[in-house]
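# Summary of the model geometry
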Amino acid sequence: MEVHNDVLYEFGPFTLDPSQKLVFRDGAALPLTLKAIEVLLILVENNGRLVTKETLMEMVWSESYVEAGNLTQAVSVLRKYLEDDAQEPRYIKTLA
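These notes cover the structure that comes with them.

Rules and cut-offs
Residues numbered from 1 in each chain as written. Predicted model: local features only at pLDDT ≥ 70, side-chain atom pairs only at ≥ 80, totals over all residues. Heavy atoms only, no water. Helix = DSSP H or I, 4+ residues; strand = E, 2+ residues; numbered from the N terminus. Buried < 20%, exposed > 50% of the residue type's maximum accessible area, 1.4 Å probe, protein only. Contact = heavy atoms within 4.5 Å. Expected span 1.5 Å × (residues − 1). Arc of directions from axis to C-beta. Salt bridge = Lys/Arg side-chain N within 4 Å of Asp/Glu carboxyl O.

To continue, consider the side chain of Thr15. Here Thr15 is to be found in strand β2 (residues 14–17). Overall, the relative accessible area of 19% leaves Thr15 in the buried class. Leaving out residues up to four positions away in the same chain, Thr15 has contacts with Leu8, Tyr9, Glu10, Leu22, Val23 and Phe24.

Now the structure itself:
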């Protein structure tokens, strides 16, 4: 994944700093894994566009073979810390 110098993404009370691989809420860093942050970065950079499960898996876990459950877990953790609801999403919308 490429490094984005001097770019910050802000949404709601959150700030995503790609160069540091950190997500902040009101200035405090959230305890997210690197893979969860990478998933979030891809989603943020593709805001408003459909990103397939296959694309996310290829971009985040290209160096190893993992099951789709890893992506499911990363999205679940992101929803928890972003206080996002799968039924009424503000940040992460999934389609069947």
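With that settled, consider unusual backbone geometry. Note on backbone geometry: most residues besides glycine have negative phi, and most peptide bonds are trans. Positive phi values are uncommon outside glycine, yet Lys21 reaches one of about 55°. Positive phi values are uncommon outside glycine, yet Glu83 reaches one of about 50°. Take Glu83: it is sitting in the segment after α3 (68–82). You can call Glu83 exposed: its relative accessible area is 52%.

Three- or four-residue spacings in an α-helix give side chains the same orientation, since the helix completes a turn every 3.6 residues. The terminal C-alpha atoms of α3, which comprises 15 residues, lie 21 Å apart, in line with the 21 Å expected from a rise of 1.5 Å per residue. Among all positions in α3, only Leu71, Ala74, Val75, Leu78, Arg79 and Leu82 are buried. Down the axis, α3 shows its buried residues gathered within 135° of arc, on one side only. Along α3, the residues that are exposed and aim more than 90 degrees away from the buried face are Thr72, Gln73 and Lys80. Looking at the buried side of α3, the elements it contacts are β1 (9–11), β2, α1 (34–45) and α2 (53–60).

A separate point is the pattern of salt bridges. Per the counting criterion, the structure on display carries four salt bridges. Notably, a salt bridge pairs Asp26 with Arg25, separated by 3.9 Å at the nearest N-O pair. Given a relative accessible area of 26%, Arg25 falls into the partly exposed group. Measuring nitrogen to oxygen at the nearest pair gives 3.6 Å for the salt bridge that ties Glu83 to Arg25. Linking Glu83 in the segment after α3 with Arg25 in strand β3 (residues 22–25), this pair joins segments that are 58 residues apart in sequence. One connected set of salt bridges, linked through shared partners, spans Arg25, Asp26 and Glu83.

All quantities given are derived from atomic positions and should not be read as evidence of function.
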